[in-house]
Amino acid sequence: MFKYFLSLFGHDNLLLEEKDNMKKFLIVGLGNIGDEYAETRHNIGFKVLDNLAQKKEFSFETLKLGDLGVYKLKGRSILCLKPSTYMNRSGKAIKYWMDKEKIPLENILVITDDINLPFGTIRVKTKGSDGGHNGLKDTQEYLQTTKYNRFRFGVGSDFGKGRQVEYVLGKWTEDEELALEARLNKSVELVDSFVLSGISRTMNQFNGS
């Protein structure tokens with residue numbers, strides 16, 4: 001999508017043409033790059049954005065600090081980011097593209113896995129601690145606030161003591177794979193709601209669904 005644009009104008013120009021910053025949105029899916037991580041629980045953020053790209057018919061291009069895609073929805077311009085900085089440096093990529101594209105903090109949504117929620121459970125929050133999640137911890141440090149929107153996708157906690165890392169970096173079970181499509185489609189509906197209706201209505205509609 002961006003190759004022709006970049007060949008003409010280079011990497012320093014904005015990806016979003018929208019002049020009104022309040023109509024710009026940044027949707028971030030957290031994960032780790034590399035084929036070995038592609039189908040792991042920790043990469044649900046990437047998976048949600050890949051499904052979003054399929055539904056909205058846009059593609060990703062590898063640019064600075066991540067893979068990026070752009071689409072429009074009823075007058076809003078949305079930038080989707082899959083950081084290439086690995087999970088524990090996610091904040092660097094988020095901060096860079098937020099500043100470069102002049103996207104307001106309230107128009108950012110960070111998608112991440114959560115072991116404190118049952119598999120497939122959706123929870124949207126406007127603030128909170130990192131909960132021990134390295135991606136959220138780094139995001140908090142770069143943004144210098146805990147008040148940013150996050151979409152937590154439950155991956156469950158079916159692991160023994162000391163096996164958390166093994167679990168989140170493990171692949172989905174067969175039953176989870178079968179259930180994922182419906183939950184990913186629900187996630188796309190959530191992103192649409194966030195962009196069109198705002199965070200409060202989105203929380204009311206989707207939390208616990």
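Provided above is the structure to which this section pertains.
All of these numbers come straight from a predicted model, not from anything done at the bench. (Residues numbered from 1 in each chain as written. Predicted model: local features only at pLDDT ≥ 70, side-chain atom pairs only at ≥ 80, totals over all residues. Heavy atoms only, no water.)

(A) The side chain of Asp-138, seen in detail. Position of Asp-138 among the secondary structure elements: in helix H4 (residues 134–143). For Asp-138, a relative accessible area of 3% corresponds to the buried category. (Helix = DSSP H or I, 4+ residues; strand = E, 2+ residues; numbered from the N terminus. Buried < 20%, exposed > 50% of the residue type's maximum accessible area, 1.4 Å probe, protein only.)

(B) Region of interest: the side chain of Glu-18. Residue placement: Glu-18 occurs in the loop between helix H1 (3–9) and strand S1 (24–29). A distance of 2.9 Å separates a polar atom in the side chain of Glu-18 from the backbone nitrogen of Asp-20. Beyond its immediate chain neighbours, meaning those up to four positions away, Glu-18 contacts Lys-23, Lys-24, Gly-75 and Ser-77. (Polar contact = N/O pair within 3.5 Å; in protein donor to acceptor, adjacent residues only side chain to side chain. Contact = heavy atoms within 4.5 Å.)

(C) The arrangement of the packing of helix H3 (residues 90–100) against H4 in detail. For the pair H3 and H4, interaxial distance at closest approach is 7 Å and the crossing angle is 40°. As the angle between them shows, H3 and H4 are arranged oblique. Our pair here, H3 against H4, has a crossing hand that is right-handed. Across from Ser-90, Gly-91, Lys-92, Ile-94, Lys-95 and Met-98 in H3, the residues of H4 making contact are Gly-135, Asp-138, Thr-139, Tyr-142 and Leu-143. Residues that form the contact of H3 with H4 fall into these classes: four nonpolar, four polar and three charged. (Axes fitted to C-alpha atoms, helices over the stretch in contact; angles between N-to-C directions. Parallel < 35°, antiparallel > 145°, perpendicular 65-115°, else oblique. Left-handed = near helix turned anticlockwise from the far one by under 90°. Nonpolar A, V, L, I, M, F, W, Y, C, P; charged D, E, K, R; others polar.)

(D) Molecular detail of the layout of surface pockets. Here the largest pocket defines a volume of roughly 450 Å³. Of all the elements in the fold, those that place two or more residues in the lining of the largest pocket are strand S5 (108–114), H4, strand S7 (149–154) and helix H5 (164–168). Its residues assigned to classes, the lining of the largest pocket comprises seven nonpolar, twelve polar and six charged. (1 Å grid on protein atoms, 1.4 Å probe; cavity = no way out; pocket = protein on both sides within 12 Å on 5 of 7 lines; lining within 4 Å. Points joined across faces, edges and corners; volume = space filled by probe spheres on them.)

(E) Structural view of unusual backbone geometry. If you check the backbone angles, Leu-65 has positive phi at about 65° while not being a glycine. You can call Leu-65 buried: its relative accessible area is 17%.

(F) Quick look at the packing of aromatic side chains. Applying the stated criterion across every chain, the model contains seven aromatic pairs. Measuring from centroid to centroid gives 5.9 Å for Phe-25 and Phe-194, while their planes differ by 80°, and the two rings are edge-to-face. You can see Phe-25 sitting in strand S1 and its partner Phe-194 sitting in helix H6 (residues 174–197), a full 169 residues away along the chain. When sorted by exposure, Phe-25 lands in the same class as Phe-194, which is buried. Centroid distance Phe-58 to Tyr-71: 5.1 Å. Interplanar angle 10°. Geometry classified as stacked. You can see Phe-58 sitting in the loop between helix H2 (44–56) and strand S2 (61–63) and its partner Tyr-71 sitting in strand S3 (residues 66–73), a full 13 residues away along the chain. According to the relative accessible area criterion, Tyr-71 is buried, its value standing at 5%. Put simply, the rings of Phe-58, Phe-60 and Tyr-71 pair up and form one aromatic cluster. A cation sits over an aromatic face here: Arg-41 above Tyr-167, 4.0 Å from the ring centre. (Phe/Tyr/Trp six-rings, centres within 6.5 Å; stacked < 30°, edge-to-face > 60°. Lys NZ or Arg CZ within 6 Å of the ring centre and 35° of its normal.)

(G) Quick peek at the nonpolar core. Formed by 33 residues in total, the largest nonpolar core has its most connected members in Ile-27, Leu-52, Tyr-71, Ile-78 and Cys-80. For this core, the element with the highest residue contribution is H6, accounting for seven residues. Cys-80 has contacts with Ile-27, Leu-49, Leu-52, Phe-58, Phe-60, Asp-67, Leu-68, Gly-69 and Tyr-71, leaving out every residue within four places of it along the chain. Membership of the second largest hydrophobic core comes to 22 residues, among which are Leu-30, Leu-68, Met-98 and Val-110. (Core = buried A, V, L, I, M, F, W, Y, C linked by side-chain atoms within 4.5 Å.)

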